[in-house]
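# Analysis of the macromolecular model
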Amino acid sequence: MQCPGAQYLASAERTPRQREWRPQLYRKCTDTTWLFLFFLFWTGLMFITGYSVAAGATGRLLFGSDSFGNVCGQKNSPVEGAPLSGQDMTLKKHVFFMNSCHLEVKDVRLSSTVLCVASCPGEQLDTLEEVQLFADNNGSFLCVYSLNSINYTQNPNADSLCPRLPVPPSKSFPLFNRCVPQTPECYSLFASVLINDVDILHRILSGIMSGRDTILGLCIFALALSLAMMVTFRFITTLLVHIFIALIIVGLLFVCGVLWWLYYDYTHDLSIELDTERENMKCLLGFALVSTVIMVVLLGLIFVLRKRIKLTVELFQVINKAISSSPFLLFQPLWTFAILISFWVFWMAVLLSLGTAGAARVIEGGQVEYQPLVGIRYMWWYHLIGLIWTSEFILACQHIMVAGALVTCYFNRNKNDPPDRPILWSLSILFRYHQGTAIKGSFLITVTRIPRTILMYISSALEGKRGPWSRCVCRHCFCCSWCLGICLRQFNQNAYTTTAINGTDFCTSAQGALQLLSKKSSHLTSVQCFGDFIIFLGKVLVVCFTVFGGLMAFNYNRALQVWAIPLLLVAFFAYFVAQSFLSVFETVLDALFLCFAVDLETNDGSSEKPYFMDQEFLSFVKRINRVNAVRAQGAEHASRNEEGAELQPVV
């Protein structure tokens, strides 16, 4: 299907020659089928969004609710058959359990009646008279709404309508705004029943909501670190590289040591009543092991590659010169970041609504419970796929746009007269022709992540039921899928850059890039890989220090927060932010070498076919070749000396 907006940029031909590199000469719509499929997928996401808004009740999760269907802190609509529902709880913002010291779970329901109260009792109440006095003085009624406070001591049914005595002192905690008992014996039982027995999704969401201020602060911290890394790479020098690597080494050692120290502290301060502390300790052990492995690997690589630092500085100077032709490329991550944040906020709001979607059902005593709606679990998985696919699509669009701007400047004969507005030109090319290619590439990344997510889900579901062989197989499968994802991401980036150069579809671009890069000099490849490694170290620095800050912040609320998932989300966010900002340098580096390979493929440096590259880049390439030629000669000379050496008899 021919795109109506297809046009020629510098050629009068109607069709491109097959398998010939012709930079900037032809454009047509690519992978249009995938654009249509993505539209259908987002139609499904919009249906889930509308369904969650209609059937969900986020307020019940954020603010807490009582046993009669009322959301605390809000005006409520009545539920048919529940006489105590539909009350105005604007001034009653706290959730109070009438039997907080003797909580039990029966048929997946708490045995205690739950009320919305104006304030939690700060002191122990031993008699009904004290409960009545507390209500009169504070306007906080701790008995069922149908019982007036003046009848607390007179009604014969007060024992069943009022809290079980004595009422322990409690304090509001930002976990559904619950009144948490403060006496040790009540606190232990309350936490073990209330936290260990609720649905895992609600535990995760409650951890996110209770630590939302911390999570927000860590996200801002990750953003600041990413900006600092971007400035460092923009004005890089040999001294800055040495300081940067020294900071990485010290940071890895420090973070790894603190993680193991915190794990040791947890093992000697663990409450066996709380699953949350056990889960937090397991998460801490996982972070400690992963950080140790990463530290050993990175320190080994830094030691092996330390002699290439000078060439790396020159490489980044070449990259920065390429960026200087389009300086607004450095601001592109801000737009990507803003779009990602907007999408993630939207995604989280829909997730919260889905987590509370349920049909109200009146049970004995006029109480109300909510039954999960059919198909909600499947909607969660569909929603998760939407998160991964759309996030990867946004990053793919950024890559194509940055590569397109660089390609426009690179394949310009007159270096003294750069093209006008290359970023806007690249953006227009992306939206007019190559959205389908970005969608197809991002879908491939999503496909590799889905099995990994399923493996994680199965592994957590079968925790404690698996043998050593099954655990080993599961870990190997997870590792293989992770390695496949990394290779596929690099494969996609080369395909995106080739699409920006040649205007071909995803598969054709990927094949052409693979064939072209296989011809490239191994010396240039090693320099490029070391440049990518330095950029990766910047991402590691952002993630490590963000996770370390999260550990320090979440460690203050050990008991009532499952902060394993919130911390993983913070790490995921930190990596995405670092990827969004530092990927500009990574994209420019990879695109620059791919353009160089295309330049060598199509030109020979003669007057008839001069190279597109500027003199500084050409000098850098020649310098690399000279350095490697000297090393090769030295290795050959050493080999000949070894072959010519003979054992002489001792006289």
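What counts and how
Residues numbered from 1 in each chain as written. Predicted model: local features only at pLDDT ≥ 70, side-chain atom pairs only at ≥ 80, totals over all residues. Heavy atoms only, no water. UniProt positions renumbered as here; feature names shortened; annotations may be inferred. 1 Å grid on protein atoms, 1.4 Å probe; cavity = no way out; pocket = protein on both sides within 12 Å on 5 of 7 lines; lining within 4 Å. Points joined across faces, edges and corners; volume = space filled by probe spheres on them. Helix = DSSP H or I, 4+ residues; strand = E, 2+ residues; numbered from the N terminus. Nonpolar A, V, L, I, M, F, W, Y, C, P; charged D, E, K, R; others polar. Salt bridge = Lys/Arg side-chain N within 4 Å of Asp/Glu carboxyl O. Buried < 20%, exposed > 50% of the residue type's maximum accessible area, 1.4 Å probe, protein only. Phe/Tyr/Trp six-rings, centres within 6.5 Å; stacked < 30°, edge-to-face > 60°. Disulfide = S-S within 2.5 Å. Pairing = 2+ DSSP bridges. Core = buried A, V, L, I, M, F, W, Y, C linked by side-chain atoms within 4.5 Å. Contact = heavy atoms within 4.5 Å. Axes fitted to C-alpha atoms, helices over the stretch in contact; angles between N-to-C directions. Parallel < 35°, antiparallel > 145°, perpendicular 65-115°, else oblique. Left-handed = near helix turned anticlockwise from the far one by under 90°.

The name given to the protein chain in an unreviewed UniProt entry is Choline transporter-like protein, and the organism recorded there is Mustela putorius furo. Its UniProt record, at the heading Sequence similarities (unreviewed entry), says of the protein chain: "Belongs to the CTL (choline transporter-like) family." Taken verbatim from the UniProt record of the protein chain, the Function (unreviewed entry) comment is "Choline transporter."

## Some points on empty space enclosed by the protein
Space left empty within the atom packing is revealed by a probe, the size of a water molecule, rolled over the atoms. A complete count under the given rule lists 6 cavities of 30 Å³ or more for this structure. Leu395, Ala396, Arg489, Gln493 and Tyr496 are, among the 15 residues lining the largest cavity, the residues nearest its centre. Contributions of two or more residues to the lining of the largest cavity are made by helix H12 (376-410), helix H13 (422-461), helix H14 (468-502) and helix H17 (564-602). By residue number, the principal contributor to the lining of the largest cavity is H12, which donates 5 residues. Split by residue class, the lining of the largest cavity holds 4 nonpolar, 9 polar and 2 charged.

## Description of the pattern of salt bridges
Considering all chains together, one arrives at 4 salt bridges under this definition. The salt bridge involving Asp31 is made with Lys440; its shortest N-O contact spans 3.9 Å. Of this pair, Asp31 sits in the loop between strand S2 (26-27) and helix H1 (32-55) while Lys440 sits in helix H13; the two residues are 409 residues apart in sequence, bridging distant segments of the chain. Residue class for Asp31 comes out buried when judged on its relative accessible area of 13%. The exposure class of Lys440 is buried, given its relative accessible area of 14%.

## Examining the packing of aromatic side chains
On inspection of all chains with the given rule, the structure shows 19 aromatic pairs. Ring geometry for Trp389 against Phe443: centres 5.0 Å apart, planes inclined by 55°, an arrangement best described as tilted. Taken together, the residues span a long stretch of sequence, with Trp389 in helix H12 and Phe443 in helix H13 at a distance of 54 residues. Of the residues examined, Trp389 reaches a relative accessible area of 5% and is grouped as buried.

## Let's talk about the state of the cysteines
A covalent bond bridging the sulfur atoms of two cysteines is what the word disulfide describes. Tallied over the entire structure, the rule returns 3 disulfides. For Cys120, the disulfide goes to Cys179, at an S-S distance of 1.9 Å. Because the torsion about its S-S bond is -75°, the bridge between Cys120 and Cys179 counts as left-handed. With Cys120 in the loop between strand S6 (114-117) and helix H3 (128-138) and Cys179 in strand S8 (residues 178-181), this residue pair connects regions lying 59 residues apart in the sequence. Here the two residues Cys120 and Cys179 agree in accessibility, since each one is buried.

## So, the UniProt feature "transmembrane region" (unreviewed entry) in the protein chain
Mapped onto the present numbering, the UniProt feature "transmembrane region" (unreviewed entry) falls at residues 34-54, 215-236, 243-264, 284-305, 334-360, 380-411, 529-554 and 560-578. Overall, residues 34-54 shows 100% helix and 0% strand. The separation of its end C-alpha atoms is 30 Å. Counted over residues 529-554, helix gives 100% and strand 0%. Its end C-alpha atoms are 37 Å apart.

## A short note on the pairing of strand S9 (residues 358-362)
Of the pairings in the sheet, the one linking S9 to strand S10 (residues 368-372) comprises 5 bridges and is antiparallel in character. Directly across from Gly358, in S10, lies its bridge partner Pro372. Counted between consecutive antiparallel strands, the loop separating S9 from S10 contains 5 residues, among which Gly365 sits at a positive phi close to 80°.

## Some thoughts on the nonpolar core
Side chains of nonpolar character tend, in soluble globular proteins, to be buried together. Counting residues in hydrophobic clusters, the biggest one holds 112 residues, and the most contacted among them are Phe244, Tyr410 and Phe617. With sequence-adjacent residues up to four places away left out, Phe617 is seen in contact with Val318, Tyr410, Leu592 and Phe596. Core analysis: the second largest hydrophobic core is formed by 29 residues, Leu84, Met98, Tyr145 and Ala158 among them.

## Section: the environment of Leu165
The residue Leu165 is located in the loop between helix H4 (158-161) and strand S7 (170-173) in this model. Considering only alpha carbons, one finds Leu165 and Leu128, 37 residues apart in sequence, at a separation of 8.0 Å. Not counting residues up to four positions away in its chain, the partners in contact with Leu165 are Leu125, Asp126, Thr127, Leu128 and Val131.

## Points about unusual backbone geometry
Across the junction of Leu165 and Pro166, the peptide omega takes the value -5°, indicating a cis bond. The residue Pro166 is located in the loop between H4 and S7 in this model.

## Quick word on the packing of H1 against helix H11 (residues 332-355)
Where H1 contacts H11, the axes come no closer than 8 Å and their chain directions differ by 50°. Regarding the angle of H1 to H11, the classification is oblique. As H1 packs across H11, the resulting crossing turns out to be left-handed. Contacts between H1 and H11 pair Trp42, Met46, Ile48, Thr49 and Ser52 from the former with Phe343, Phe346, Val350, Ser353 and Leu354 from the latter. The residue makeup of the contact of H1 with H11, split by class, is 7 nonpolar, 3 polar and no charged.

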